[in-house]
Amino acid sequence: MNAEAKPLPFPQRQYAGTSVLRERGQREVFCGLTGIVWLHRKFQDAFFLIVGSRTCAHLMQSAAGVMIFAEPRFGTAILTDRDLSGMADPNDELDRVCATILERRPEISTLFLVGSCPSEVIKLDLSRAAIRLTERYSPQVRVLSYSGSGIETTFTQGEDNALNALVPWMPDTDERQLIVVGCVADIVEGQLRSCFERLGIGPVHFLPGASARQLPGVGPNTQLLAAQPFNGTTIRALCARGAHLITAPYPFGAEGTTAWLAAAATEWDVSTERFASVTQPLAARARLALAKHKTLLAGKRVFFMPDSQLEIPLARFLKREMGMELVEIGTPYLDRKMVSSELPLLPPDVVISEGQHVEKQLDRVRAAQPDLTVCGLGLANPLEGEGLATKWSIELVFTPVHGYEQAADLAELFARPLVRRSRLNV
Amino acid sequence: MQLTIWNYEGPPHIGAMRIATSMEGVHYVLHAPQGDTYADLLFTMIERQYRRPPVSYTTFQARDLGGDTAELVKNAVAEAFERFKPEAMLVGESCTAELIQDQAGTLAESMNLPTTVVPLELPAYTKKENWGAAETFYQLVRALLAPVIPTPPVARGPVPSDRRPRVNLLGPSLLGFRCQDDIVEISRLLDQLGVDVNVVAPLGASPADLRRIPDADFNVDLYPEVSRTVSAWLERSFGMPRTTAIPMGVNGTRRFLAEVATLAGLDPSRVEACEAAGFMPRDPTRSRLPRYSRSVDSTYLTGKRVFVFGDATHAIAAATVAQEELGFQVVGLGTYSREFARETRAAAEQLGVPALITDDYLEVERAIAAAAPELVLGTQMERHIAKRLGVPCAVISSPLHVQDVPARYSPVYGFEGANVLFDSWVHPLLMGLEEHLLQMFRGDFEFNDAAPPSHLGVATAPQPIEAAQVVVAPGQPTWTAEAEKELRKIPFFVRTKARRNTEHFAVERGVANITVETLYDAKAHFGR
C-alpha cells in the first residue's frame, strides 16, 4: 500500500464511550416484518410469505399496504386455531399455501418464509420447512427463511435477517471486489456506481440487488462497505465467509459520503489527486445545495426517538454539517461495531439512549421542548398536538437520502416541518 | 392457515383499541410484543388524532419468555394506573400473548386497583376486529352497570309524559365509517322529532356516561357490528327496547324516524310533519336526493350495474338505496361481517342477487370481475379491486383509507347523508353526454373508452408524453441519452419540473448538451 497515495484520512478521535442510557419498557417501534415493505419492491423475483397471525397481516397493510395499489409480492399465512390445536399439521398447511402462491406467481424464483412472534412462540421450524420446500421446487424456486418477529427483531433488522438468509447462497470467489451492503434506492446505486468507476474501484456489487437469485460471490478478497447501519448480522456472516469490512461513517451528507468513499479508496490505493478530482466537485455541489437548509437548521435542537437505527449517523450529519444541537439520540439497539466510525464524530457529552420506555422518553421530550422531534407516525401527530414540531422517521427509510446528490434532500426532510410551520397561518 | 394479502378486519384487540380510543377516561393495557404498537398509527394517521391512543403495551421480548412475563404485565398495569388514573381499565392480550397464557386480565384483577378493571378475552385465532369491538363494548358496559341491574321482570312502562323521550346512540367509534358526522345528523333529526339524546357511546363517552345508559327509554342500534351485543344485553337485563332500522338513504331515514316515534310513543305523523317543515333549498330536514334522482339528466343512471360490498350494515343499506333511490341495478351484494351473514342473505334475496359472505379479498375480486359492474360501492379494498378492473368506485364502509375521512361535513346517515350518497356515488361515473359521445366517436385519441372520465382531472390522466417524443425547438439544449435516462429515475410527479428547471438552467449558462452533471448542477442550483 502506498502511504502517500492515501486519500486524506477522515479526522479520527478516540471515542471515549459516552455513557448510554439503557431503557426497558413500552417500545413504539415496528417489528422486523416491516422491512418487507421495501424489500418486496427491491427484489423483483422474490415473494415474502409471513407465517403469522392476523395481527401481522394487519400490520403490513396498515404500515404501508393501503398506499400500494399494485398486487404486492408479499402475503401472510394466518395461523388459525386448527393449526394451534393440532387439528391441522402446520407443515402440511404451509406446503399447501406455498403451492398456491407459486401457482399464482410463476415468475417467483425465491420465496422467503418469514417467521413472526406467534410462529416462534409455537416453535414452527421454518428453516426446516424451507429446506423441504427447496427440495420440492428446486431448481425453479429457492425457499429461504428468516425471522421478522417483534420478540427478536426491531424494524430494520428485518432487512438484516433477510440478507443474512441469502449469504449461504452466494458463490465462493477469490476475485478482488467491493460489496455495498444495505438497501439503497436505485438512483443512489447508479450514482455510487459511477463514483466508484471514476475512482477506479471495482468490480462493485450491491446487496440487495434487483434479484434474490443472481447474487454476487464472496471470499477472502471481498471488501464490504455498509450503506446502512443495521446490517450487522449480514456483515458478520459475510466476514465468516472471508470478507473484510471497511469501517467508515455512513454516506449521509457531503462529509459522510466523502468519508465513506475515502475508506474504500484507501483500500483500493486510489491516489489523493484522483480522489480529490472525483469527489471535490461533487462535495462542493452538495455543500452548495446544503447551505440554504443550514441557514434554517443551524442552532435548532433535535431529539431522535428510536426507530430505524439510522439515528446515530443522521444525528452526526445534522450536528456536523447542519449545525444542529443534539438533545438525545434514541436508538433501538446500539451495535457499536456498526457505528464505530460514527461515535467518535459525535460530541463527547451527547446523550444516547438505547431501547425505550416511551412514557419516560416523552417526559424528557416535553421537558426539553426540542425544535424538532424525529419519531414514528404513532407519536408524530400527538406531539404536534402538544405544540412540538416533528419529523416522521419512516420517511428517512423510504426516501433516497444517501450520497452527495441526495445530501440536500436529506436536510430538506428535516427542514420541511419547520418551513411548513412558518408558512401556515391558520 | 389462511393465505391473505389484504384484510377487511384486524385482529380482535384492534376492536378493543377502537373502543378505548373512542372514549374518555378509559385505558387499555395490552400484553403484546414489540411491533404491535403499529396500531397507534391507525388512529393518529387515518383519523388524524392529535392524542395517543390510551394504550400501554407490555413489549415482551424473546428473552423474557423463559422468565417472568407475568411480572411485566403487573408492572405495566401498575405504571399505567399511576400515570393515567383511568376511570376504567381494560386489560387483555394480543395474538402472541394469548399463546403464552399469562392471563393478563386475571392478573390485573388480582391487583385490586381502585378502579374498574375489565379483563378481556378476545380469541385472536378465531375472532376479528368488529367482534372484538362489540365484545369489549359489552364487557365494559356490563362491568359498569353490574351493580344496578334490576331484578326481573324488567319490562318498562311508557315514556312519562312530563319529559321528552330519551335515547342512547350506540355503536359509533373511531375507524367506523363517518360516525362522527352521522351522530351530529341523527341527533339533529331526533331533536326535531322531539327526542333527546341521553348518551352517545362509545365515541366521546366516559365510564360515567356509560353508567347513565339506563336513564334512556330505549337504545338506537346505530352501528350493529359494534353495538348489537350490548344493546341485546341491555334489552334483556334492563328491558330497554332497541331500534332495527338503519337511517341510510331517504327511505331508510324515514323508516328509522317512524320506528323511533313508535318506540317513543310519539304520533308517527310527526315524522312527516318534521320532514315537511320547510322547503328552503338547504332545509336540513329534507333531502335533495329525490329531486336530483328524478331530474331528467339523471336518466342515464337508470339500471347502472352496481356491486356492493362492505360491513353488513352499510352494504345492505347501500344496496337498498342504490336500487330504490338512484335507480341502479344491484348485481352483487356481500359482506365480510360473518356475524351478519343471515341479514345479508335476506337482503340479497330480496334484491334477487346472490349473497357473497367472505373475508377473502381475492374471492371478492373474482366475484366483482364476474359481475362486470359499472360501479363498485365498497371498502378501501374494493377501491384497489375496482382500480385494477378499471371500474369506478365509491367507498361506503370501513376499512378506511385516510382519504375516506374527509375534512368537510359528510355524514352518510340521515337526510343530509342521502345528499352525500348521491354525490359520492354519481361523481365517479362518466357523465351522460360524455357516455353518448364515446359511443359515437370511439377513435378519438384523447377521448376514448380507455381514457378516464374527462371531469376527473389529472389524477387519473394518462402519463405526460415523454421528451423523447417531443421535437426539440431550435436553440433549445438537447439531452444526452445518459441524462435522459437519469431523468427518468426521478419520480414522475416531479420529473416535468426537473426537466424544465434543468433546461432553463442550461439555457441560462449557454450549455448546449445537457449531461447528468448539468442535471445535478441544476438540481443543486434550484434546490427545493
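Keep in mind that this is a model prediction, so the values were computed, not measured.

1. Looking at the sheet that holds strand S4 (residues 110-115) of chain A
Within a sheet, neighbouring strands are paired by backbone hydrogen bonds and run either parallel or antiparallel to one another.
Line of reasoning, step 1. The five strands lie next to each other as S5(A)-S4(A)-S2(A)-S3(A)-S1(B), forming an open sheet whose pairing is mixed. The sheet terminates laterally at strand S5 (142-147) of chain A together with strand S1 (2-4) of chain B, the two strands that pair on one side only. Averaged over all neighbouring strand pairs, the angle between strand axes comes to 25°, with direction disregarded.
Line of reasoning, step 2. Judged from the six bridges that link them, strand S2 (residues 46-52) of chain A and S4(A) form a sheet pairing that is parallel. Among the inter-strand pairings, Phe47(A) is bridged to a residue of S4(A), identified as Leu111(A).
Line of reasoning, step 3. Strands in contact with helix H4 (residues 90-104) of chain A are S2, strand S3 (74-78) and S4 of chain A together with S1 of chain B; relative to S2(A), the strand with the most contacts, it is inclined by about 150°.

2. Considering empty space enclosed by the protein
Line of reasoning, step 1. A complete count under the given rule lists nine cavities of 30 Å³ or more for this structure.
Line of reasoning, step 2. Its volume calculated, the largest cavity comes out at about 240 Å³.
Line of reasoning, step 3. Around the largest cavity, the lining comprises 21 residues; the ones closest to its centre are His58(A), Leu42(B), Glu129(B), Pro399(B) and Leu400(B).
Line of reasoning, step 4. Of all the secondary structure elements, the ones that give two or more residues to the lining of the largest cavity are helix H2 (54-63) of chain A together with helix H1 (12-22), helix H2 (40-46), helix H6 (129-145) and helix H16 (380-389) of chain B.
Line of reasoning, step 5. Its residues placed into classes, the lining of the largest cavity shows 10 nonpolar, eight polar and three charged.

3. Describing the domain arrangement of chain A
Residues and elements named next belong to chain A.
Line of reasoning, step 1. Structurally, chain A comprises domain 1 (13-27 + 287-424), domain 2 (32-151) and domain 3 (177-267).
Line of reasoning, step 2. On a C-alpha basis, the centroid separation for the pair domain 2 and domain 3 is 28 Å.
Line of reasoning, step 3. On the domain 3 side, the residues contacting the 14 residues of domain 2 number 11 residues.
Line of reasoning, step 4. A buried area of about 950 Å², summed over both sides, lies between domain 2 and domain 3, and 51% of it is on carbon and sulfur atoms.
Line of reasoning, step 5. The three residues of domain 2 that bury the most area against domain 3 are Lys42, Phe43 and Arg142, which together make up 57% of that side's buried surface.
Line of reasoning, step 6. Inspection of the region where domain 2 meets domain 3 yields two salt bridges.
Line of reasoning, step 7. We note a salt bridge from glutamate 189 to lysine 42, for which the minimum N-O separation is 3.4 Å.
Line of reasoning, step 8. Applying the counting criterion to the domain 2 and domain 3 interface returns nine residue pairs in polar contact (both at pLDDT 80 or more).
Line of reasoning, step 9. Of the residues forming the side of domain 2 that touches domain 3, the biggest block, three residues, is contributed by helix H1 (residues 36-42).
Line of reasoning, step 10. Each residue belonging to the side of domain 2 that touches domain 3 can be placed in one class, and the counts come to seven nonpolar, four polar and three charged.

4. Side note on the pattern of salt bridges
Line of reasoning, step 1. Applying the stated rule across the entire model yields 46 salt bridges over all chains.
Line of reasoning, step 2. Here Arg24(A) ties to Asp64(B) by a salt bridge, and the two come within 2.7 Å at their closest N and O atoms. Of this pair, Arg24(A) sits in the loop between strand S1 (20-23) and H1 while Asp64(B) sits in the loop between strand S3 (55-57) and helix H3 (69-84), each in a different chain.
Line of reasoning, step 3. Asp196(B) is paired through a salt bridge with Arg164(B); the nearest N and O atoms lie 2.8 Å apart. Residue Asp196(B) is located in strand S7 (residues 196-201), and its partner Arg164(B) is located in the loop between H6 and strand S6 (166-170); the two are separated by 32 residues in the primary sequence.
Line of reasoning, step 4. Asp196(B) gets classed as partly exposed once you look at its relative accessible area, which sits at 30%.
Line of reasoning, step 5. We classify Arg164(B) as partly exposed; its relative accessible area is 33%.

5. As for helix H13 (residues 358-368) of chain A
Line of reasoning, step 1. All of the buried residues in H13(A) are Val358(A), Glu359(A), Gln361(A), Leu362(A), Val365(A) and Ala368(A).
Line of reasoning, step 2. On its buried face, H13(A) is in contact with strand S10 (301-304), strand S11 (325-331), strand S12 (352-355), strand S13 (372-375) and helix H14 (377-385) of chain A together with H3 of chain B.
Line of reasoning, step 3. Following H13(A) by one or two positions, Gln369(A) adopts a phi angle in the positive range, close to 45°.

6. A closer look at the packing of helix H7 (residues 179-193) of chain B against helix H10 (residues 249-264) of chain B
All names here are of chain B.
Line of reasoning, step 1. The geometry of H7 relative to H10 is characterised by a closest axis approach of 11 Å and an angle of 50° between their N-to-C directions. Taken together, the axes of H7 and H10 are oblique relative to one another. Two packed elements cross with a definite hand, and for H7 against H10 that hand is right-handed. Taken together, the residues of H10 that come into contact with H7 (itself represented by Ile186, Leu189, Leu190 and Leu193) are Thr253, Phe256, Leu257, Val260 and Ala261.
Line of reasoning, step 2. Grouping the amino acids of the contact of H7 with H10 by side-chain chemistry returns eight nonpolar, one polar and no charged.

7. Regarding the side chain of Asp217(B)
All names here are of chain B.
Line of reasoning, step 1. Looking at the element boundaries, aspartate 217 is found in the loop between helix H8 (207-211) and strand S8 (218-221).
Line of reasoning, step 2. Judged by its relative accessible area of 12%, aspartate 217 is buried.
Line of reasoning, step 3. At a separation of 2.7 Å, a polar atom in the side chain of aspartate 217 contacts the main-chain amide nitrogen of arginine 166.
Line of reasoning, step 4. Excluding residues that lie within four positions of it along the chain, aspartate 217 makes contacts with Arg156, Val159, Pro160, Arg163, Pro165, Arg166, Met240 and Pro241.

8. Concerning H1(B)
Line of reasoning, step 1. Counted residue by residue, H1(B) has 11 buried out of 11 residues, so it is predominantly covered.
Line of reasoning, step 2. Restricting attention to buried positions, one finds in H1(B) the residues Pro12(B), His13(B), Ile14(B), Gly15(B), Ala16(B), Met17(B), Arg18(B), Ile19(B), Ala20(B), Thr21(B) and Ser22(B).

9. Description of the packing of aromatic side chains
Aromatic ring pairs: the centre-centre distance and the angle between the two ring planes describe each pair.
Line of reasoning, step 1. Inspection of every chain in the model, using the stated rule, returns 18 aromatic pairs over all chains.
Line of reasoning, step 2. Plain terms: the ring middles of Trp38(A) and Phe398(A) are 5.7 Å apart, the flat faces sit at 80° to each other, and that makes the pair edge-to-face. Linking Trp38(A) in helix H1 with Phe398(A) in helix H15 (residues 394-398), this pair joins segments that are 360 residues apart in sequence.
Line of reasoning, step 3. Note on Phe398(A): relative accessible area 36%, which makes it partly exposed.
Line of reasoning, step 4. Pairing Tyr292(B) with Phe422(B) gives two aromatic rings, centres 5.5 Å apart and planes at 85°, and the pair type is edge-to-face. On the criterion of sequence distance, the pair formed by Tyr292(B) in helix H12 (residues 289-294) and Phe422(B) in helix H17 (residues 414-426) is long-range, its members being 130 residues apart.
Line of reasoning, step 5. Three or more aromatic residues joined by ring pairs form one cluster here, namely Phe30(A), Trp38(A), Phe155(A) and Phe398(A).
Line of reasoning, step 6. Sitting over the face of the ring of Trp268(A), Arg176(A) holds its NZ or CZ atom 4.2 Å from the ring centroid.
Line of reasoning, step 7. A cation over a ring is seen here: Lys85(B) above Phe81(B), with NZ or CZ 6.0 Å from the ring centre.

10. As for the sheet that holds strand S2 (residues 26-31) of chain B
Residue and element names in this part refer to chain B.
Line of reasoning, step 1. Pairing within the open sheet is parallel, and its four strands lie in the order S3-S2-S4-S5. The sheet is open, and its two borders are formed by S3 and strand S5 (116-119), each paired with just one other strand. Adjacent strand axes in the sheet meet at a mean angle of 20° when their direction is disregarded.
Line of reasoning, step 2. Taken together, the four bridges between strand S4 (residues 88-93) and S5 define a ladder with parallel strand orientation. Residue pairing for S5: methionine 89 is matched across the bridge by valine 117.
Line of reasoning, step 3. Against the sheet, H3 touches S2, S3 and S4, its axis set at about 160° to S2.
Line of reasoning, step 4. Contacting S2, S4 and S5, H6 runs over the sheet at an angle of about 145° to S5.

The rules behind each value
Residues numbered from 1 in each chain as written. Chains lettered and ligands numbered in written order. Predicted model: local features only at pLDDT ≥ 70, side-chain atom pairs only at ≥ 80, totals over all residues. Heavy atoms only, no water. Pairing = 2+ DSSP bridges. Helix = DSSP H or I, 4+ residues; strand = E, 2+ residues; numbered from the N terminus. Axes fitted to C-alpha atoms, helices over the stretch in contact; angles between N-to-C directions. Contact = heavy atoms within 4.5 Å. 1 Å grid on protein atoms, 1.4 Å probe; cavity = no way out; pocket = protein on both sides within 12 Å on 5 of 7 lines; lining within 4 Å. Points joined across faces, edges and corners; volume = space filled by probe spheres on them. Nonpolar A, V, L, I, M, F, W, Y, C, P; charged D, E, K, R; others polar. Domains from an automatic or database assignment. Buried area = accessible area lost by both parts, 1.4 Å probe. Salt bridge = Lys/Arg side-chain N within 4 Å of Asp/Glu carboxyl O. Polar contact = N/O pair within 3.5 Å; in protein donor to acceptor, adjacent residues only side chain to side chain. Buried < 20%, exposed > 50% of the residue type's maximum accessible area, 1.4 Å probe, protein only. Parallel < 35°, antiparallel > 145°, perpendicular 65-115°, else oblique. Left-handed = near helix turned anticlockwise from the far one by under 90°. Phe/Tyr/Trp six-rings, centres within 6.5 Å; stacked < 30°, edge-to-face > 60°. Lys NZ or Arg CZ within 6 Å of the ring centre and 35° of its normal.

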